[in-house]
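The chain contents come next:
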Amino acid sequence: MRTQVAIIGSGPAGLLLGQLLTDAGIDNVIVERVSQAYVLGRIRAGVLEDGTAAMLDEAGAGARMRREGLPHAGFDLAFDGRRHRVDLAGLTGGRHVMVYGQTEVTRDLMERRAASGALSVYEAANVTPHDFDGARPCLTYEHDGATRRLDCDFIAGCDGYHGVARRSVPAGAIETFERVYPFGWLGIVADVPPVGDELIYANHPRGFALCSMRSLTRSRYYVQCSLDESTDAWPDDRFWDEIRRRLPAATAEAMTTGPSVEKSIAPLRSFVAEPLRFGRLLLAGDAAHIVPPTGAKGLNLAASDIRYLFDGLREHYHERSDAGLDAYSGKALARVWKAERFSWWMTNTLHRFPDQGGFGQKIQHAELDYLVGSRAARTAMAENYVGLPY
Ligand code: APR
Ligand code: PHB
């Protein structure tokens, strides 16, 4: 089989790239390791920058997001028993974020791809990129009991942090940068109304907490936990008690509790691989970088990578120019590192670190106090949160 762009991974990055390429008349095939149902079963974050929302519109997959998503003009910071609103719209000339689950983004993109007739191969085993340092790369994989070969012009590694694409690059050709955080996030989903109209990020001596949502009837909550925790040790009642202890009293009292429909613990990590291009293999999304979820940047960085990568591929095929592809890695990494910085900063400002000490806690409190008292500080936070320019 032959295509122009072989895409490894049917997550948001792979699906968004595939749709933009298809709509531009550039043939592409997505090869995915697990089933479609498995991809859709993943619970992930849910805040879209306006740039990401615009890209979903461009890919023809934004209608349900616009209909069911929740535009948010601000969020609250909670500490010392009080809440302080960060007025995103007022600080960024009217910009908002869209609260809409990544699972729904993935579903919308899958439905759009099915309607466009582009080929996705699910449950493909042992996907392996070959000869991407030359002009005739290909993928091999096993599917339906047979070994398949997909010849292509380019391979897009959209296969996430644990994928094969980055691991296929010769060790000497790639450099990685990483910071692993000494705690995790215990998250639940519950079909109860959210405690507030907007998100609440809480810094508390017992640890970080986040009140988020998926809709007006489905809440998403998180508490910072130690890495050796297990969800077995967190029955719903314990979770509800803990998150309410980390919130201002009035907020805790207003919280509607109920049975969790999903509960999981996720580690936090900052990670970047450089460069993002290796001949005809290009990395995008979580295959190239990971952010702690504090700043809700993971999906949004996948979108900006795909913006640059799609524009470069379209230029290659429609204008016979490789300037965009040659610039892809540098351009994407410039935005990635600013989002890594913001996510690292938000994580350091809002979480309790075991080795923080008294000085560290005082600095953290001063940071929060400065945010509350300075429009300039809140403007810097707001412009990063709604999304820096592409
Ligand atoms: N072969 C084929 N597919 C693979 C392989 C492989 N060897 N390894 C991983 N995959 C698939 C995964 O099953 C997954 O469906 O690649 C896809 C990668 O999707 P994501 O991990 O969602 O990454 P990405 O599309 O970059 O989206 C980033 O997803 O993980 C969240 O927080 C992250 O919000 C961010 C977003
Ligand atoms: C979520 O709703 O899952 C979410 C929202 C904001 C974050 C992280 C996660 O910063």
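Residues numbered from 1 in each chain as written. Chains lettered and ligands numbered in written order. Predicted model: local features only at pLDDT ≥ 70, side-chain atom pairs only at ≥ 80, totals over all residues. Heavy atoms only, no water.

**Student:** Any details on the sheet that holds strand 17 (residues 260-274)? Residues and values, ideally.
**Tutor:** Spatially, the 8 strands line up as an open sheet ordered 6-5-14-15-16-13-17-20, and their pairing is mixed. Sheet topology places strand 6 (82-86) and strand 20 (289-290) at the edges, where each strand pairs with a single neighbour. In the sheet, strand 5 (residues 75-79) pairs with strand 6 via 5 bridges, with the strands oriented antiparallel. Paired with Asp76 across the strands is Arg85, a residue of strand 6. In the packing of helix 11 (residues 357-373) onto the sheet, contacts are made with strand 5 and strand 6, and the angle to strand 5 comes to roughly 140 degrees. (Pairing = 2+ DSSP bridges. Helix = DSSP H or I, 4+ residues; strand = E, 2+ residues; numbered from the N terminus. Contact = heavy atoms within 4.5 Å. Axes fitted to C-alpha atoms, helices over the stretch in contact; angles between N-to-C directions.)

**Student:** Could you give an account of the site of ligand 1, with specific residues and numbers?
**Tutor:** Near ligand 1 you find 23 residues, and of these Glu32, Arg42, Arg44, Gln102 and Asp286 are the closest. Taking Glu32, its side chain carries an N or O atom lying 2.6 Å from an oxygen atom of ligand 1. At 2.8 Å, a backbone N or O of Asp286 approaches an oxygen atom of ligand 1. Coverage of ligand 1 by the protein amounts to 91% of the 700 Å² it exposes when considered alone. Residue assignment for the shell around ligand 1 shows that the elements contributing at least two residues are helix 1 (12-23) and helix 9 (298-319). Partitioned by chemical class, the residues of the shell around ligand 1 number 10 nonpolar, 7 polar and 6 charged. (Near = heavy atom within 4 Å. Polar contact = N/O pair within 3.5 Å; in protein donor to acceptor, adjacent residues only side chain to side chain. Areas by Shrake-Rupley, 256 points an atom, 1.4 Å probe, with all protein chains shown as cover. Nonpolar A, V, L, I, M, F, W, Y, C, P; charged D, E, K, R; others polar.)

**Student:** Describe in detail helix 11, supporting the description with residues and values.
**Tutor:** Since the α-helix packs 3.6 residues into each turn, any two residues three or four apart lie on the same face. Relative to the 24 Å expected for 17 residues at 1.5 Å per residue, helix 11 spans 24 Å between its end C-alpha atoms, a close match to the ideal helical length. Along helix 11, the positions that sit buried rather than exposed are Gly360, Gln364, Leu368 and Leu371. Seen end-on, helix 11 carries its buried residues on one side only, within an arc spanning 75 degrees. Turned more than 90 degrees from where helix 11 packs its buried face, Gly358, Phe359, Lys362 and Gly373 sit exposed. Looking at the buried side of helix 11, the elements it contacts are strand 5, helix 10 (323-350) and helix 12 (375-386). (Expected span 1.5 Å × (residues − 1). Buried < 20%, exposed > 50% of the residue type's maximum accessible area, 1.4 Å probe, protein only. Arc of directions from axis to C-beta.)

**Student:** I'd like a rundown of the sheet that holds strand 1 (residues 5-8), residues and numbers included.
**Tutor:** Read across the sheet, 6 strands follow the order 8-2-1-12-19-18 without closing on themselves; strand pairing throughout is mixed. Whereas interior strands pair on both sides, the edge strands pair on one side only; in this sheet they are strand 8 (119-121) and strand 18 (277-278). Across the sheet, helix 9 is in contact with strand 1, strand 12 (154-157) and strand 19 (281-283); its angle to strand 12 comes to roughly 175 degrees.

**Student:** Tell me about the site of ligand 2, and please be specific about residues and values.
**Tutor:** Near ligand 2 there are 14 residues, and of these Tyr201, Ser212, Arg214, Tyr222 and Thr294 occur at the shortest range. In the environment of ligand 2, an oxygen atom lies 2.8 Å from a nitrogen or oxygen atom belonging to the backbone of Thr294. Against a free-state accessible area of 280 Å², the protein chains account for coverage of 100% of ligand 2. Taken together, the elements giving at least two residues each to the shell around ligand 2 come down to strand 14 (199-202), strand 15 (209-213) and strand 16 (219-225). Partitioned by chemical class, the residues of the shell around ligand 2 number 9 nonpolar, 3 polar and 2 charged. Formed jointly, the shell around ligand 2 draws a minimum of three residues from each of two domains, domain 1 (5-70 + 98-177 + 269-347) and domain 2 (181-267 + 354-386). (Domains from an automatic or database assignment.)

**Student:** Before we move on, can you summarise the pairing of strand 5 with the specific residues and values?
**Tutor:** With respect to burial, strand 5 is a largely interior element, 5 of its 5 residues being buried. Burial along strand 5 is two-sided: Phe75, Leu77 and Phe79 facing one way and Asp76 and Ala78 facing the other are all buried. A loop of 2 residues connects strand 5 with strand 6, the two strands running antiparallel in sequence, and Asp80 in this loop sits at a positive phi of about 50 degrees. Pairing between strand 5 and strand 14: 4 bridges, direction parallel. Its bridge partner being in strand 14, Asp76 is matched across the sheet by Ile200.

**Student:** Break down the state of the cysteines for me, with residues and values.
**Tutor:** By definition, a disulfide links two cysteine residues through a covalent bond between their sulfur atoms. This structure, assessed with the given rule, holds 0 disulfides. For Cys211, which is in no disulfide, the shortest distance to another cysteine sulfur is to Cys225 and amounts to 16 Å. Residue Cys211 is classed as buried on the basis of its relative accessible area, which comes to 2%. (Disulfide = S-S within 2.5 Å.)

**Student:** So what's going on with the packing of aromatic side chains? Which residues, and what values?
**Tutor:** One pass over the structure, following the stated rule, counts 15 aromatic pairs. Between the aromatic rings of Trp185 and Tyr222, the centroid separation amounts to 4.7 Å while the plane-to-plane angle is 50 degrees, which identifies the pairing as tilted. Of the two residues, Trp185 is situated in strand 13 (residues 175-190) and Tyr222 in strand 16; the sequence distance between them amounts to 37 residues. Taking relative accessible area as the criterion, Trp185 reaches 4% and is therefore assigned buried. Its relative accessible area of 11% is what places Tyr222 among the buried residues. Members of the aromatic cluster, joined through ring pairs, are Phe75, Trp185, Tyr201, Phe208, Tyr222 and Tyr385. Just above the ring of Trp234 sits the side chain of Arg238; from NZ or CZ to the centre is 3.7 Å. (Phe/Tyr/Trp six-rings, centres within 6.5 Å; stacked < 30°, edge-to-face > 60°. Lys NZ or Arg CZ within 6 Å of the ring centre and 35° of its normal.)

**Student:** Could you give an account of the domain arrangement of the chain, with specific residues and numbers?
**Tutor:** Reports often express the size of an interface as the amount of accessible area lost when the parts come together. Structurally, the chain comprises domain 1 (5-70 + 98-177 + 269-347) and domain 2 (181-267 + 354-386). Taken together, the contact pairs 24 residues of domain 1 with 19 residues of domain 2. Interface area lost by domain 1 to domain 2 is led by Ile43, Leu70 and Trp345, which between them contribute 26%. At the junction of domain 1 and domain 2, the tally comes to 0 salt bridges. Those elements that provide at least two residues to the side of domain 1 that touches domain 2 are strand 17 and helix 10. At 7 residues, helix 10 tops the list of elements feeding residues into the side of domain 1 that touches domain 2. (Buried area = accessible area lost by both parts, 1.4 Å probe. Salt bridge = Lys/Arg side-chain N within 4 Å of Asp/Glu carboxyl O.)

**Student:** An account of the packing of helix 1 against helix 9 is requested, with residue identities and associated values reported.
**Tutor:** Geometry of a packed helix pair, given as the angle between the helix axes and the separation of the axes. Relative orientation of the contacting elements helix 1 and helix 9 amounts to 30 degrees, with a least axis distance of 9 Å. As judged from the angle between their axes, helix 1 and helix 9 are roughly parallel. Judged by the sense of rotation from one axis to the other, the crossing of helix 1 with helix 9 is right-handed. Only Leu299, Ala302, Ala303, Ile306, Leu309, Phe310 and Leu313 of helix 9 make contact with helix 1, whose side of the interface consists of Pro12, Ala13, Leu16, Leu17, Leu20 and Leu21. Within the contact of helix 1 with helix 9, the residues separate by chemical class into 13 nonpolar, no polar and no charged. (Parallel < 35°, antiparallel > 145°, perpendicular 65-115°, else oblique. Left-handed = near helix turned anticlockwise from the far one by under 90°.)

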